[in-house]
Amino acid sequence: MDKNSSKDSFNRLVEFWIKSAENDFETMLDLYKSKRFNWSLFIGHLVIEKLLKAYYIRQNNEYPPFIHNLLRLAEKSHLELNSEQKVNLATFTTFNINARYDDYKQNFYKKCTPDFTKEWIEKIKTSRLWMLELLK
């Protein structure tokens, strides 16, 4: 594969991750509106993960690693983060773990009150916009 076709392939992959993240963003909002708070936050994690994977590809010209830890993914992407962004990414990562594994699900479900979920949905929205700006 020559250099240009490789670059085109990676550009298509970046666009795929962005489009997939946008689809998940709409799903997150729908779940939030239907008061499926724990699942809306789980999908919110996926939104940010997919945008970080798009950014990783853009920065490294290679396929992203098979990891879900958002802070680690940002580090591997050489993304400079302030302390608030680090805390947010670490917290978003817990939404993946807590919604996925049975031993955590019940506690996470109880934690996902309307106020808690609204706060974190807003942080996911802010992080999404920031990531989309980086990907322009």
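Draft legend 1. Main features of the pattern of salt bridges. Evaluation of the coordinates by the stated rule reveals seven salt bridges. Between glutamate 22 and arginine 128 there is a salt bridge; the shortest N-O distance is 2.7 Å. In this pair, glutamate 22 sits in helix H1 (residues 3-33) while arginine 128 sits in helix H6 (residues 114-134), placing the two residues 106 residues apart along the sequence. On the basis of relative accessible area, glutamate 22 is assigned to the partly exposed category, the value being 24%. When its relative accessible area of 12% is taken as the criterion, arginine 128 is described as buried. Linking lysine 50 and aspartate 24 is a salt bridge whose minimum nitrogen-to-oxygen distance equals 2.5 Å. You can see lysine 50 sitting in helix H2 (residues 37-60) and its partner aspartate 24 sitting in helix H1, a full 26 residues away along the chain. Both residues of the pair, lysine 50 and aspartate 24, belong to the buried class.

Draft legend 2. Just the nonpolar core, in detail. Of all hydrophobic cores here, the largest spans 39 residues; its most connected members are Leu41, Ile48, Leu52, Leu89, Phe92 and Phe95. Contributing elements (two or more residues each) for this core: H1, H2, helix H3 (70-76), helix H4 (83-100) and H6. With near-sequence residues (within four places) excluded, phenylalanine 92 lies in contact with His45, Ile48, Leu70, Trp120, Lys123, Ile124 and Ser127.

Draft legend 3. Up close: unusual backbone geometry. At asparagine 61, a position not held by glycine, the phi torsion is positive, near 50°. One can find asparagine 61 in the loop between H2 and H3. Although it is not a glycine, histidine 78 adopts a positive phi angle of roughly 60°. Mapped onto the elements, histidine 78 comes out in the loop between H3 and H4. Overall, histidine 78 belongs to the exposed group, its relative accessible area being 58%.

Draft legend 4. Looking closely at the packing of aromatic side chains. Tallied over the entire structure, the rule returns ten aromatic pairs. Between phenylalanine 16 and tryptophan 17, the ring centres sit 5.6 Å apart and the planes meet at 65°, which makes this aromatic pair edge-to-face. Looking at phenylalanine 16, the relative accessible area reads 47%, which means it is partly exposed. Residue tryptophan 17 is classed as buried on the basis of its relative accessible area of 18%. Ring centres of tyrosine 32 and phenylalanine 37 lie 5.7 Å apart, and the angle between their planes is 45°; this geometry places the pair in the tilted category. Tyrosine 32 sits in the partly exposed class, given a relative accessible area of 24%. We classify phenylalanine 37 as buried; its relative accessible area is 12%. Three or more aromatic residues joined by ring pairs form one cluster here, namely Phe92, Phe95, Phe108, Phe116 and Trp120. Here lysine 123 stacks its cationic end above the ring of tryptophan 120, 4.1 Å away from the centre of that ring. One cation-aromatic arrangement involves arginine 128 over phenylalanine 25; the distance from NZ or CZ to the ring centre is 3.8 Å.

Draft legend 5. Highlighting the confidence of the model for the protein chain. Of all residues in the protein chain, 94% attain a pLDDT of 70 or more, and the chain-wide mean is 93. For the protein chain, per-element mean pLDDT is lowest for helix H5 (residues 102-111), which scores 84, and highest for H6, which scores 98.

So, how was this worked out
Residues numbered from 1 in each chain as written. Predicted model: local features only at pLDDT ≥ 70, side-chain atom pairs only at ≥ 80, totals over all residues. Heavy atoms only, no water. Salt bridge = Lys/Arg side-chain N within 4 Å of Asp/Glu carboxyl O. Helix = DSSP H or I, 4+ residues; strand = E, 2+ residues; numbered from the N terminus. Buried < 20%, exposed > 50% of the residue type's maximum accessible area, 1.4 Å probe, protein only. Core = buried A, V, L, I, M, F, W, Y, C linked by side-chain atoms within 4.5 Å. Contact = heavy atoms within 4.5 Å. Phe/Tyr/Trp six-rings, centres within 6.5 Å; stacked < 30°, edge-to-face > 60°. Lys NZ or Arg CZ within 6 Å of the ring centre and 35° of its normal. pLDDT = per-residue confidence, 0-100.

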